[in-house]
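Single-letter residue listing:
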Amino acid sequence: MSLIVQKFGGTSVANAERVMNVAKIVTDTYAQGNDVVVVVSAQGDFTDVLVDKQMEINPKANRREQDMLLAAGEQISIALLAMAIEKLGYHAVSLLGWQAGFETSSSHTSARIKRVDPARIREALDRRNIVVVAGFQGLSRYGDITTLGRGGSDTSAVAIAAAMHADLCQIYTDVEGVYTADPRKVENAKKLDEISYDEMLELATLGAQVLNNRSVEMAKKYNIELEVLSSLTRAKGTIVKEKSKMEKMLISGVAKDTDIARISVTGVPNTPGIAFKMFSKLSKKDINIDIILQSVGHDGKKDISFTVAKSRGQEAVDALKDYMESHGASGIQLDENVAKISIVGAGMESHAGVATKMFEALYDAQINIQMISTSEIKVSVLIDAVDADKAVKAIHAKFFD
Ligand code: ADP
Ligand code: ASP
Ligand code: MG
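Reading the values: rules and limits
- Residues numbered from 1 in each chain as written.
- Chains lettered and ligands numbered in written order.
- Predicted model: local features only at pLDDT ≥ 70, side-chain atom pairs only at ≥ 80, totals over all residues.
- Heavy atoms only, no water.
- Helix = DSSP H or I, 4+ residues; strand = E, 2+ residues; numbered from the N terminus.
- Rg over C-alpha atoms; globule rule 2.2 N^0.38 Å.
- Buried < 20%, exposed > 50% of the residue type's maximum accessible area, 1.4 Å probe, protein only.
- Near = heavy atom within 4 Å.
- Polar contact = N/O pair within 3.5 Å; in protein donor to acceptor, adjacent residues only side chain to side chain.
- Areas by Shrake-Rupley, 256 points an atom, 1.4 Å probe, with all protein chains shown as cover.
- Nonpolar A, V, L, I, M, F, W, Y, C, P; charged D, E, K, R; others polar.
- Pairing = 2+ DSSP bridges.
- Axes fitted to C-alpha atoms, helices over the stretch in contact; angles between N-to-C directions.
- Contact = heavy atoms within 4.5 Å.
- Left-handed = near helix turned anticlockwise from the far one by under 90°.
- Core = buried A, V, L, I, M, F, W, Y, C linked by side-chain atoms within 4.5 Å.
- Parallel < 35°, antiparallel > 145°, perpendicular 65-115°, else oblique.

Participant: It is not clear to me how the overall build of the protein should be interpreted in this structure. Could you clarify?
Facilitator: In terms of regular secondary structure, the protein is built from 12 helices and 20 strands. In terms of C-alpha radius of gyration, the protein reaches 23 Å, essentially the compact-globule figure of 21 Å for 401 residues. Based on the C-alpha atoms only, the size of the protein along its principal axes is roughly 80 × 50 × 35 Å. Looking at the protein residue by residue over its 401 residues, the buried ones come to 51%.

Participant: Hey, could you run me through the site of ligand 1 in this one?
Facilitator: Close to ligand 1 lie 16 residues, the nearest being T173, D174, Y179, D182 and R184. Within the side chain of D174, an N or O atom sits 2.8 Å from an oxygen atom of ligand 1. Here ligand 1 has 570 Å² of accessible area as a free molecule, and 87% of this is covered by the chains. In terms of residue class, the shell around ligand 1 is built from seven nonpolar, five polar and four charged.

Participant: Would you mind showing me how to read the sheet that holds strand 13 (residues 253-257) here?
Facilitator: Neighbouring strands of a sheet are bound in pairs by backbone hydrogen bonds; such pairs are parallel or else antiparallel. If you walk across this open sheet you meet the four strands as 13-18-20-19, and the pairing is antiparallel. Since the sheet does not close on itself, it has two edges, and those belong to strand 13 and strand 19 (371-375), each with one partner. Within the sheet, the average angular offset between the axes of one strand and its neighbour, ignoring direction, is 20 degrees. Of the strand pairs in this sheet, strand 19 and strand 20 (residues 378-384) are connected by five bridges, and their pairing is antiparallel. Considered in strand 20, the bridge of I372 is made with V381. Sitting on the sheet, helix 12 (residues 388-400) touches strand 13, strand 18 (338-344) and strand 20, and the angle it makes with strand 13 is about 170 degrees.

Participant: Would you take a moment to explain the site of ligand 2 for this structure?
Facilitator: Residues in close proximity to ligand 2 include S41, A42, T47, E74, F136, R150, G151, G152 and S153, which together make up its full environment. T47 places a polar side-chain atom, nitrogen or oxygen, 2.8 Å from a nitrogen atom of ligand 2. Interatomic distance of 3.3 Å between a backbone N/O atom of G152 and an oxygen atom of ligand 2. Protein chains bury 87% of the 260 Å² of accessible surface belonging to ligand 2 in isolation. When grouped by side-chain class, the residues that make up the shell around ligand 2 number two nonpolar, five polar and two charged.

Participant: Even after reading the chapter, I still don't get the environment of L206, so can you show me in this structure?
Facilitator: With respect to the secondary-structure elements, L206 resides in the loop between helix 7 (197-205) and helix 8 (213-221). Counting along the chain gives 138 residues from L206 to V344, while the straight-line C-alpha distance between them is 9.0 Å. Leave out the neighbours within four places in its chain, and L206 touches A255, K256, D257, K340, S342, V344, K378 and S380.

Participant: I would appreciate a short explanation of the packing of helix 2 (residues 46-57) against helix 4 (residues 72-87) in the present structure.
Facilitator: Helix packing geometry: the angle between the two helix axes and the distance between the axes. Their axes nearest at 9 Å, the elements helix 2 and helix 4 cross at an angle of 145 degrees. The chirality of how helix 2 crosses helix 4 is right-handed. Touching F46, T47 and L50 of helix 2 are A72, G73, E74 and I76, all from helix 4. Considering only residue class, the contact of helix 2 with helix 4 consists of four nonpolar, two polar and one charged.

Participant: It is not clear to me how the nonpolar core should be interpreted in this structure. Could you clarify?
Facilitator: A general trend in soluble globular proteins is that nonpolar side chains are found buried together. Of all hydrophobic cores here, the largest spans 45 residues; its most connected members are V5, V37, I121, V133, I160, C169 and M200. Per-element tally for this core: the top contributor is helix 6 (residues 153-163), with six residues. Residues Y179, I341, A361 and A388 belong to the second largest nonpolar core, which totals 27 residues.

Participant: For this particular structure, what's the right way to read unusual backbone geometry?
Facilitator: Trans is the common state for peptide bonds, and a negative phi is the common state for residues other than glycine. Even without being a glycine, H165 presents a positive backbone phi close to 50 degrees. With a phi angle near 65 degrees, D286 is a residue other than glycine that sits in the positive phi range. Secondary-structure assignment places D286 in the loop between helix 9 (274-284) and strand 15 (292-294). On the basis of relative accessibility, which here comes to 61%, the residue D286 falls in the exposed class.

Participant: Can you help me understand the packing of helix 3 (residues 63-70) against helix 4 in this one?
Facilitator: Taken N-terminus to C-terminus, the directions of helix 3 and helix 4 make an angle of 20 degrees; their axes are 4 Å apart at the nearest point. Taken together, helix 3 and helix 4 sit at an angle that is classed as roughly parallel. Where helix 3 approaches helix 4, its residues M68, L69 and L70 are matched on the opposing element by A72, G73 and E74. When its residues are assigned to classes, the contact of helix 3 with helix 4 shows four nonpolar, one polar and one charged.

Function-wise, these values are silent; they only describe arrangement.
Laid out in structure tokens, this is it:
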């Protein structure tokens, strides 16, 4: 007998018919003689609906209350799925995050899982139940409900798989696996049979939302093999694991991130310590900086540009404005109409000319590059947001057609 963790995203449980479909998958797995723990997200875009409800009342509501609201979506889906399983003639018990033993940090709306104590899950399994757990939520040490950040139920599933030493962790979603680009945006994107943790982590961090990046980080840490597959077709999916034979591929995918803003500070003094002072102002506010570009100084002045998450853009400008101007900067601009397009591939390390090929694709499509950043297994460029989809298609065609 194996222990299998299966996670189903919002689209997979969007309505009664889909919930029954999930119940069928889960009970089929159980009927084959396995113990099954199921993790589910809120139905469809219900979490967005909850966010809208908050916005109508208080956009700046404190984060504890935001979590109390956001966690409600998953409570509905676990109960409905348990009822659907019961209807098919099996025993099921639904558990909220805290009942399933999820202890998290207290950073509301982006809490980190500290520990999963699966005692209650185990007990329910021992009584021959299929256990249905609410994803995306846990409990802080102050006894408050927390959520793990959007897309966090992938991480809930991997955390249970790690804590219970599961034999398999399947992430069911609305596409058939991990593709070379978002299959909803790029027609001839190809499904990958396998991808390594490192490449998947980069893709997820750089905007491929098919897996939450923290879930991949955790899967790598505890060496949990993941299978990403469709709840609608049940076709063979993509395996995410340590070493992948696909590593010989030059690049494994193209990703797009539009949740990004560029800040440019112009005419700052070309003297030591400026970057340090500027970025320490931001780190004090816990604002993460991504790509940084500094111009070669001339006439005693230089320009520094960098990117941050769009949601932190205005805050970053406010944190810097007075200070930079009092230190002689001539201006500070915020541009929210930018996108980061990245290619990821372990093959890059050993092949020259990969970045050039990407730049050529952008040149052919007449798309201007504003910033560039590279690492061993990725190249990212910042471009105008209106060109984002065109850029992904052009780059994808260059490498895969
Ligand atoms: P779920 O609700 O099941 O968690 P998500 O919407 O979070 O599903 O993630 C699945 C979506 O990710 C797909 O519908 C697809 O549009 C998008 N996506 C983006 N990049 C990729 C990629 N490289 N491969 C597969 N899907 C991708
Ligand atoms: N329901 C949550 C969200 O929409 C968690 C998830 O889907 O993983 O972000
Ligand atoms: Mg998701």
